[in-house]
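Each chain, letter by letter, is given below.
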Amino acid sequence: MKITIACIGKAGRAKHDAAQSLIEGYSARLPWPVAIREVEDKKQGGTVTERKTREAALLLAAIPKGAVIVAMDERGKSLSSRQFADQLAGWRDHSEQEVAFLIGGADGLDPALTAKARLTLSLSAMTWPHLLARVMLLEQLYRAWSLQTGHPYHRD
């Protein structure tokens, strides 16, 4: 299975911070190919709705055609690690080859984008900085892989 994490971000972000180190570490552990595509809305201003619409177009352009879309949103469905692993395995077993996780900007995802998602997923009811959300998502992807393969990383 191929994984894409498409996220709104700012070009030129420091690449040597602790979160970036964790992102690289979990990405390297995963046997699944992981592409992190950070896109930036370079247009300034506009209403929240206008910004979300622009960001949605950028995110959709950053993901592979035909990928299962998962919208990351604190109001989404909360899954246990085992349920998340089972969800990924179910998509794999139904010949889904690519899954794209979308992380919106500061104002969240456009409702039209979440409507296209097969799953709207919450990592927590709390709001997290976007870099930490990426780390948490990658850790859960690694944990899902470990559950699927019987690797001892996860403990119930």
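Rules and cut-offs
- Residues numbered from 1 in each chain as written.
- Predicted model: local features only at pLDDT ≥ 70, side-chain atom pairs only at ≥ 80, totals over all residues.
- Heavy atoms only, no water.
- Helix = DSSP H or I, 4+ residues; strand = E, 2+ residues; numbered from the N terminus.
- Rg over C-alpha atoms; globule rule 2.2 N^0.38 Å.
- Buried < 20%, exposed > 50% of the residue type's maximum accessible area, 1.4 Å probe, protein only.
- Contact = heavy atoms within 4.5 Å.
- Areas by Shrake-Rupley, 256 points an atom, 1.4 Å probe, with all protein chains shown as cover.
- Lys, Arg positive; Asp, Glu negative; His and termini not counted.
- Charge placed at Lys NZ, Arg CZ, Asp CG, Glu CD.
- Expected span 1.5 Å × (residues − 1).
- Pairing = 2+ DSSP bridges.
- Axes fitted to C-alpha atoms, helices over the stretch in contact; angles between N-to-C directions.

**Let's talk about the overall build of the protein chain**
From N to C terminus, the protein chain includes 5 helices and 5 strands. Scaling as 2.2 N^0.38, a compact globule of 156 residues should have a C-alpha radius of gyration of about 15 Å, and the protein chain matches this with 15 Å. Structurally, the protein chain occupies a C-alpha span of about 50 × 35 × 30 Å along its principal axes. Looking at the protein chain as a whole, 44% of its 156 residues qualify as buried. Look at the contacts in the protein chain between residues 6 or more apart in sequence, and 83% of them connect residues 24 or more apart. Of the roughly 8600 Å² of accessible surface on the protein chain, 52% is carried by carbon and sulfur atoms. A gap of 2 Å separates the mean positions of the 21 positive and 17 negative side-chain charges of the protein chain.

**Considerations on helix H5 (residues 130-149)**
The end-to-end C-alpha separation of H5 is 29 Å, in line with the 28 Å expected for 20 residues at 1.5 Å each. Buried residues dominate H5, accounting for 15 of its 20 residues. Directly after H5, the chain includes glycine 150, whose backbone phi takes a positive value near 80°.

**Considerations on the sheet that holds strand E1 (residues 2-8)**
Taken together, 5 strands build an open sheet; the order of strands is E2-E1-E4-E3-E5 and the sheet is parallel. Strand pairing shows two members of the sheet lacking a second neighbour, strand E2 (34-39) and strand E5 (119-122), which therefore form its edges. Strand-to-strand twist across the sheet, computed as the mean angle between neighbouring axes with direction ignored, equals 30°. Here E1 runs beside E2; their pairing, made up of 6 bridges, is parallel. Bridge pairing in E2 places isoleucine 8 opposite valine 39. With respect to the sheet, helix H2 (residues 48-62) is in contact with E1, E2, strand E3 (68-78) and strand E4 (98-103), its orientation differing from that of E1 by roughly 160°. In the packing of H5 onto the sheet, the strands contacted are E1, E2, E3 and E4, and the crossing angle to E1 comes to about 170°.

Just geometry here; none of it tells us what the structure is for.
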